[in-house]
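# Tertiary structure, described
Below are the chains, spelled out letter by letter.
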Amino acid sequence: MGRRTVEEHASAVAALLALAPEPESVPLAAALGRACAEDVRSPVDLPLFRNSQMDGYAIRSSDLGDLPVRLPVLGVIPAGATEPAPLEHGAAIRIMTGAPVPAGADAVVPVEDTALDGDAVTIRRVRSAGEFVRERGSDVGAGDLLVAAGTVLAARHLAALAAAGVAEVRVPRRVRVAVLTTGAELIEPGETPRAGQVFDANRVALLAGCQEAGAEVVLAEKVSDDPAEFERVLLGAADAADVVLTSGGISRGDFEVVRQVVEPRGAWVGEIAMQPGGPQATAEIEGTPVVCFPGNPVSTQVSFAVFVRPLLRAAAGLAPVAALPAVLTEPVEPPAGKRQFRRGRLDENGHVHLVAGPGSHLVASMAAADVLVEVAGPRAAGDTVAVIPL
Ligand SMILES: Nc1nc2c(c(=O)[nH]1)N[C@H]1C(S)=C(S)[C@@H](COP(=O)(O)OP(=O)(O)OC[C@H]3O[C@@H](n4cnc5c(N)ncnc54)[C@H](O)[C@@H]3O)O[C@H]1N2
Ligand code: MOO
């Protein structure tokens, strides 16, 4: 039975996973929340052409002398017009927002400052050159940086790409993860529990956790405690995914299905000096890394956050979840020789309040926490500790 510190296990899991997904091109609509893999330069000037900012009249500012001025209206330019005729001296052209400003015009007078009367418009307010004219390239020039490599794409970045006519963007391919939960006692949320049964909380916890960390879950199954059945599902998962995560079945009971299947295949199965998350295993099955978490629901979630989430986020190009300093509001005494990860709530003054006890079954209480409180030995109220945002 192997023993590892938290750091040793984290290094072993990182070496086993060694995730470095190649970039792929995806349509903008599929790129939300993903990291841009390379600098994107604008292929065009934006605005694409000189256009009106207002519904009104395109004029020459030099024609607006003593107000009011009455100018003949030579026509109308709608948005989408292709090549409007140039504006003659001493005239106006009615123009709509977004329509190309005709050559010769240097300003637009909004319709509110005018009165149309037959074929002529009376202009009541002076406008100087450039007013309400959006110049070509005044937003971004062709060849200028539109979105920098590493940017996590939000709606505004996708809008800028679309506006520049960019249809696809390169992002790291999503890491494919398979999630297998084990235990004869597990039933689906929505079913009616018989005596001894529990709802499977870990499958959705890992599925959602992987998605939050930028990965794609290609398979998520609940498997019984039958080793032959688990082996069959595990082999399928190893074939379909880049990484397999399992929960449960690795400690010292009589029906430890994960352990029974992975240990003869050369897995490392052991104990990490941490609570929760003591029993852990790592394996390589048909060349695919497999990380096995203990089944207690808090243990599964803490193990994922400590060992796998950082690797998935890095592979997806997402920033690490940085640990923060916080002041304890009560003493904490971890089990001797173990790193403890308690659940807590961080307040606006940087004080952390523990949520519930250390028990690794306290899954409902964990929902009330927003940080893990990392404690390497006995600590008193007022001590500063590291907290990891959940
Ligand atoms: N004699 C010992 N017993 C145990 C030890 C030990 O060192 N010696 N370690 C304990 C610790 S710590 C943990 S953590 C658990 C880990 O056990 P397993 O990984 O084998 O997990 P299971 O026995 O399958 O389940 C543990 C617990 O969690 C519940 N569970 C499992 N899967 C789910 C799920 N998907 N959703 C919700 N709840 C789940 C399960 O019903 C059990 O209550 O071992 C201790 N025992
Ligand atoms: O180490 Mo276990 O993961 O305490 O519940």
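Bear in mind that the values here come from a model prediction, so they are computed numbers and not experimental data.

## Quick look at the environment of alanine 215
- Its place among the elements puts alanine 215 in the loop between helix H3 (202–212) and strand E17 (216–223).
- Judged by relative accessible area, alanine 215 falls into the buried class, the value being 4%.
- In this structure the C-alpha to C-alpha distance between alanine 215 and proline 193, which are 22 residues apart in sequence, comes to 32 Å.
- Ignoring anything within four residues of it in the chain, the contact list for alanine 215 reads Arg174, Val175, Val177, Cys210 and Leu312.

## Observations concerning the UniProt feature "domain: MoaB/Mog" (unreviewed entry) in the protein chain
- Annotation from UniProt places "domain: MoaB/Mog" (unreviewed entry) at residues 178–314.
- The span residues 178–314 carries 36% helix and 31% strand; its end-to-end C-alpha distance comes to 18 Å.

## Some details on the side chain of threonine 282
- Structurally, threonine 282 is set in strand E21 (residues 279–285).
- What threonine 282 contacts, discounting residues up to four positions off in sequence, is Arg4, His9, Val13, Leu16, Ala267, Trp268 and Val290.

## A closer look at the pairing of strand E10 (residues 120–123)
- Burial along E10 is two-sided: the residues Ala120 and Thr122 and Val121 and Ile123 are all buried.
- Here four bridges tie strand E6 (residues 69–77) to E10, and the two strands are oriented antiparallel to one another. Its bridge partner being in E10, proline 72 is matched across the sheet by alanine 120.
- The pairing of strand E9 (residues 114–117) with E10 spans four bridges and is classified as antiparallel. Paired with aspartate 117 across the two strands is alanine 120, which belongs to E10.
- What sits between the antiparallel neighbours E9 and E10 is a turn of two residues, in which glycine 118 has the positive phi angle 65 degrees.

## Looking at the packing of H3 against helix H6 (residues 297–316)
- Between H3 and H6, the shortest axis-to-axis distance is 10 Å and the interhelical angle comes to 20 degrees. Judged by the inter-axis angle, H3 sits roughly parallel to H6. Crossing of H3 against H6: the hand is right-handed. Where H3 abuts H6, its residues Asn202, Ala205, Leu206, Gly209, Cys210 and Glu212 lie against Pro297, Thr300, Gln301, Phe304, Leu312 and Arg313.
- Classifying every residue of the contact of H3 with H6 by side-chain character gives six nonpolar, four polar and two charged.

## Some points on the sheet that holds strand E19 (residues 268–272)
- Pairing within the open sheet is mixed, and its seven strands lie in the order E1-E19-E21-E22-E18-E14-E17. Of all the strands in the sheet, just strand E1 (2–4) and E17 have a single pairing partner and so form its edges. Between one strand and the next, the sheet's axes are offset by a mean angle of 25 degrees, whatever the strand orientation.
- Looking at chain direction, E21 and strand E22 (residues 288–293) are connected through five bridges and run antiparallel. What sits directly across from threonine 282, in E22, is valine 291.
- Lying over the sheet, helix H4 (residues 227–240) contacts strand E14 (176–182), E17, strand E18 (243–247), E21 and E22, oriented at roughly 165 degrees with respect to E14.
- Contacts from H6 reach E14, E18, E19, E21 and E22 within the one sheet, and its direction differs from that of E22 by about 150 degrees.

## A few points about the layout of surface pockets
- Here the largest pocket is characterised by a volume of approximately 420 Å³.
- Lining the largest pocket we find 23 residues, and of these Glu185, Gly248, Pro294, Gly295 and Asn296 sit closest to its centre.
- Across the lining of the largest pocket, the residue classes break down as ten nonpolar, nine polar and four charged.
- Within this model, the second largest pocket holds a volume of roughly 330 Å³.
- Lining the second largest pocket are 15 residues, with Ala205, Glu212, Gln301, Met366 and Leu390 sitting closest to its centre.
- Counting residues per element, the ones that place at least two in the lining of the second largest pocket are H3, H6 and helix H7 (363–366).
- Of the residues forming the lining of the second largest pocket, the biggest block, six residues, is contributed by H3.
- Partitioned by chemical class, the residues of the lining of the second largest pocket number eleven nonpolar, two polar and two charged.
- There are two domains that each give the lining of the second largest pocket at least three residues, and those are domain 1 (3–21 + 174–315) and domain 4 (324–389).

Parameters at a glance
- Residues numbered from 1 in each chain as written.
- Chains lettered and ligands numbered in written order.
- Predicted model: local features only at pLDDT ≥ 70, side-chain atom pairs only at ≥ 80, totals over all residues.
- Heavy atoms only, no water.
- Helix = DSSP H or I, 4+ residues; strand = E, 2+ residues; numbered from the N terminus.
- Buried < 20%, exposed > 50% of the residue type's maximum accessible area, 1.4 Å probe, protein only.
- Contact = heavy atoms within 4.5 Å.
- UniProt positions renumbered as here; feature names shortened; annotations may be inferred.
- Pairing = 2+ DSSP bridges.
- Axes fitted to C-alpha atoms, helices over the stretch in contact; angles between N-to-C directions.
- Parallel < 35°, antiparallel > 145°, perpendicular 65-115°, else oblique.
- Left-handed = near helix turned anticlockwise from the far one by under 90°.
- Nonpolar A, V, L, I, M, F, W, Y, C, P; charged D, E, K, R; others polar.
- 1 Å grid on protein atoms, 1.4 Å probe; cavity = no way out; pocket = protein on both sides within 12 Å on 5 of 7 lines; lining within 4 Å.
- Points joined across faces, edges and corners; volume = space filled by probe spheres on them.
- Domains from an automatic or database assignment.

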